[in-house]
Each structure stands twice: as C-alpha cells, then as structure tokens.
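Coordinate inspection notes
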Amino acid sequence: MSGAVWQISGGPVSRPYAHVFVKYGVGLIGPGDAGPWTAERDDNEFEGGFVRRFADEVKVGDAFLLRTGISTLCAVGVVGSDYIYLNQFDDVNGWDLQHARRVRWSLLPQEYTFGSQVFGANPTRCSRTWNEELLDFTDRFVNSPPTHWQTAPLPELPPEEAPLEEVPAVLQGIIAEANDLVPLLWDRQSFGEHPSEDELIVHFVVPFLRALGWPPERIAVKWRYIDVAVFRALPRTPENCLFVIEAKRLGAGVEGALQQAKGYVEALAMPRDVIVTDGIRYRMYSCQSNFEPAAYANLARLKKSAAQLFARMKRP
C-alpha cells in the first residue's frame, strides 16, 4: 500500500478496549484529559510526542494495525478522518482516550500471532512501524479480497453521556474523597506504589456500601474467599447472599476480574450478580443475562448512568 503503517494499542490484557475501536470505527489514544491537541501545545502536556504524531503525522488512507500484545494482532484498519477530539471516550475502562481518528476496521476471524515480537518489547500507544514483516502482512491484507470494508460507511459514534448532576446526599462524602485522592494515588512519585486491593476495600468499598445503607453485619470481607459479599439478611449463607464484589489493585484492570468472580458465584451454587472494582470504578454484571454488563460508575468521573449502579447496589 502507498500510505504509512502504524501500530496502535488495544489496551493491556487486564483492561482491553480493542472492541470499542472496532464497534465505533475509531482509533483512540490518551492521555485525553489534557484537552485537544493543537500545534501550539507542548509535547510535555501529553506525556510525550505520541499524541502529536497521532494527530499531525497520521494521514487519511494510512493503515492501522490494532495490536493486543507484543506479537498479536486482532484487526487491520484504514484511517478515514483527520484528527478529532471525542469527549465521549473519556472513560474507556478507566482510560481517558479522547484523541481520535475515524477508522474502517476489518476484524480478523481470530487473533493473529507473529513468530516474533514484531511490535517491540515495549511498544508505544501508537507509532509508525518499519518492520518488514508487518509491512508485508499489511500490504497483502489490504490488497486481498474482500476489500469492501475499506470504503464501507463508518459506524455511528456513541453520544456523549451527561455528567451526574445531583449526587445522592449519602454519597457526597465518598465521591468528594475519591475525587481528591485519585490524582494522588496515581502519582507514583508523590504516593509510591498503587494501593493494594485490601487497602481499597477498607478505604473505599466498605465505606461505599455503608453509605448505600448496608450495616456492618451484612458486609462480609473474605467470606469463603470472596473479597466482599453482601447479604440481604442473616445468617451469612449462600441463600442470603445478594451480590459479590471482586476487588483489584488500582490500575490492574477490573474487567479482567470477572472470570474469577464468576468462579466464586459458581461455588455458591446460587445465581448472584457480580461487581468488579478497584475501589473507584465499579462495574456490575447481571447473573440473569449471562453476566453481561448491567451498570457502571466511576466515582472520580460520575456520569448520569451511575445512578443505575447506585440503585442496584443500595440496600432495599
């Protein structure tokens, strides 16, 4: 192909977001909370030159390789727009990925694994590739039928979700604390290592449940190896368990904890909803719909839909 070839990350295994790219026809990178890129802004505002290259050097018609690891690929795309800033992608599994390009993707039937670390031992968020194996693969892929995907209409973008305007009074304290502490917890230089899952349970998860009306005797920590179990009534039995919470270290990726939490539910032999969290982000999966996502809230970035999670977690 005549255009350049770029590799772009689909996220780490613990917090992947490649499916979002394909679903909405986009290529996204962060950090996006610093605002839109312009030529007048310094690279340091965006933690390096990645955003500048993505916004200024990528051209319409270039190819994107959507990687899921240092040697794995899940889709090939053709860039379909100039740089745009899309605020609706400010919380993609906790990532701020507002820097965007529209991309027409062709999803591979299954991940393709190259025989070596073609993307490098420590690949960046998005960079041009000169690897001969990748260039050859891309050229053969985009020039092999079917090619209709390269001119297909782009998918509709999701609407930008409005912020939650009225935080319930009982939650205002913990929401304020989350907003105050999250920047510090992410700052390794000022804070040190990210807090452990046990620390997050103590400082955020249990206080969150208490604010939602649950008394201490209905909140079990490490009951039957479950991080947190919430009971509709006593005694603490599988029959009385209402939902279970699996906690992960900040930054470890809560979505990757679903399978572990489902294992605990299977051990209870009772269908129960699952919540995965890092103390700040809470994602609920419904046992009634094969553990599909049912509700979500990011305490440090509350959207209108967070009210659904609050309602489902609140003590009846």
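Scope of this entry: the structure provided in the associated data block. (Residues numbered from 1 in each chain as written. Predicted model: local features only at pLDDT ≥ 70, side-chain atom pairs only at ≥ 80, totals over all residues. Heavy atoms only, no water.)

Turning to the pairing of strand S11 (residues 273-277), a few remarks are in order. Burial within S11 is extensive, with five of its five residues counted as buried. Residues of S11 alternate between two faces, with Asp-273, Ile-275 and Thr-277 on one and Val-274 and Val-276 on the opposite face, all of them buried. Read from strand S10 (residues 241-247) through helix H7 (residues 258-268) to S11, the crossover connection turns out right-handed. One ladder, built from four bridges, connects S11 with strand S12 (residues 281-286); its direction is antiparallel. By the bridge assignment for S12, Val-274 is matched with Tyr-285. (Buried < 20%, exposed > 50% of the residue type's maximum accessible area, 1.4 Å probe, protein only. Helix = DSSP H or I, 4+ residues; strand = E, 2+ residues; numbered from the N terminus. Right-handed = clockwise from strand over helix to strand, strands pointing away. Pairing = 2+ DSSP bridges.)

Let us look at the packing of helix H4 (residues 172-186) against helix H6 (residues 197-211). A pair of packed helices is captured by two measures, namely the crossing angle of their axes and the spacing between those axes. Look at H4 against H6: their axes get within 11 Å of each other, and the N-to-C directions meet at 165 degrees. Compared by their axis directions, H4 and H6 come out roughly antiparallel. Between H4 and H6 lies a crossing whose hand is left-handed. Taken together, the residues of H6 that come into contact with H4 (itself represented by Ile-174, Ala-178, Leu-181 and Leu-185) are Phe-204, Pro-207 and Phe-208. (Axes fitted to C-alpha atoms, helices over the stretch in contact; angles between N-to-C directions. Parallel < 35°, antiparallel > 145°, perpendicular 65-115°, else oblique. Left-handed = near helix turned anticlockwise from the far one by under 90°. Contact = heavy atoms within 4.5 Å.)

Before going further, it helps to examine the pattern of salt bridges. In this structure the tally under the stated criterion is 16 salt bridges. Where Asp-90 meets Arg-301, a salt bridge forms, and the shortest distance between an N and an O atom there is 3.6 Å. Residue Asp-90 is found in the loop between strand S5 (84-85) and strand S6 (99-113), and its partner Arg-301 is found in the loop between strand S13 (292-298) and helix H8 (306-313); the two are separated by 211 residues along the sequence. A salt bridge links Asp-273 to Arg-312; the shortest N-O distance between them is 3.4 Å. Separated by 39 residues along the polypeptide, Asp-273 in strand S11 and Arg-312 in helix H8 bring together distant segments of the chain. (Salt bridge = Lys/Arg side-chain N within 4 Å of Asp/Glu carboxyl O.)

Here Gln-98 shows up in the loop between S5 and S6. Looking at Gln-98, its side chain comes within polar contact range of the side chain of Asp-33, at 3.0 Å. Every residue in contact with Gln-98, bar those within four places of it in the chain, is listed here: Ile-29, Gly-32, Asp-33, Ile-84, Tyr-85, Leu-86, Asn-87, Phe-89 and Asp-90. (Polar contact = N/O pair within 3.5 Å; in protein donor to acceptor, adjacent residues only side chain to side chain.)

Once that is clear, we can look at the environment of Glu-239. Along the chain, Glu-239 falls in the loop between strand S9 (226-231) and S10. Its relative accessible area of 45% is what places Glu-239 among the partly exposed residues. Each C-alpha atom of the pair Glu-239 and Trp-37 lies 53 Å from the other, and the pair is 202 residues apart in sequence. Setting aside residues no more than four positions away along its own chain, Glu-239 makes contact with Arg-232, Met-270 and Arg-272.

Turning our eyes to something else, we now look at the sheet that holds S12. Pairing within the open sheet is mixed, and its six strands lie in the order S8-S9-S10-S11-S12-S13. Taken across any chain shown, the strands that pair with only one partner, and hence form the sheet edges, are strand S8 (219-223) and S13. Across the sheet, the axes of successive neighbouring strands diverge by a mean angle of 25 degrees, strand direction being ignored. Lying over the sheet, H6 contacts S8, S9, S10, S11 and S12, oriented at roughly 155 degrees with respect to S8.

Glancing now at the packing of aromatic side chains. Using the criterion set out here, one finds 17 aromatic pairs in the structure. When the centroid spacing of 6.2 Å and the interplanar angle of 20 degrees are considered together, the rings of Phe-54 and Phe-64 count as stacked. Separated by ten residues along the polypeptide, Phe-54 in helix H2 (residues 50-57) and Phe-64 in strand S3 (residues 63-67) bring together distant segments of the chain. A single burial state applies to Phe-54 and to Phe-64, both of which are buried. Three or more aromatic residues link up through ring pairs in this structure, and these residues are Tyr-17, Phe-21, Phe-54, Phe-64, Trp-95 and Trp-105. (Phe/Tyr/Trp six-rings, centres within 6.5 Å; stacked < 30°, edge-to-face > 60°.)

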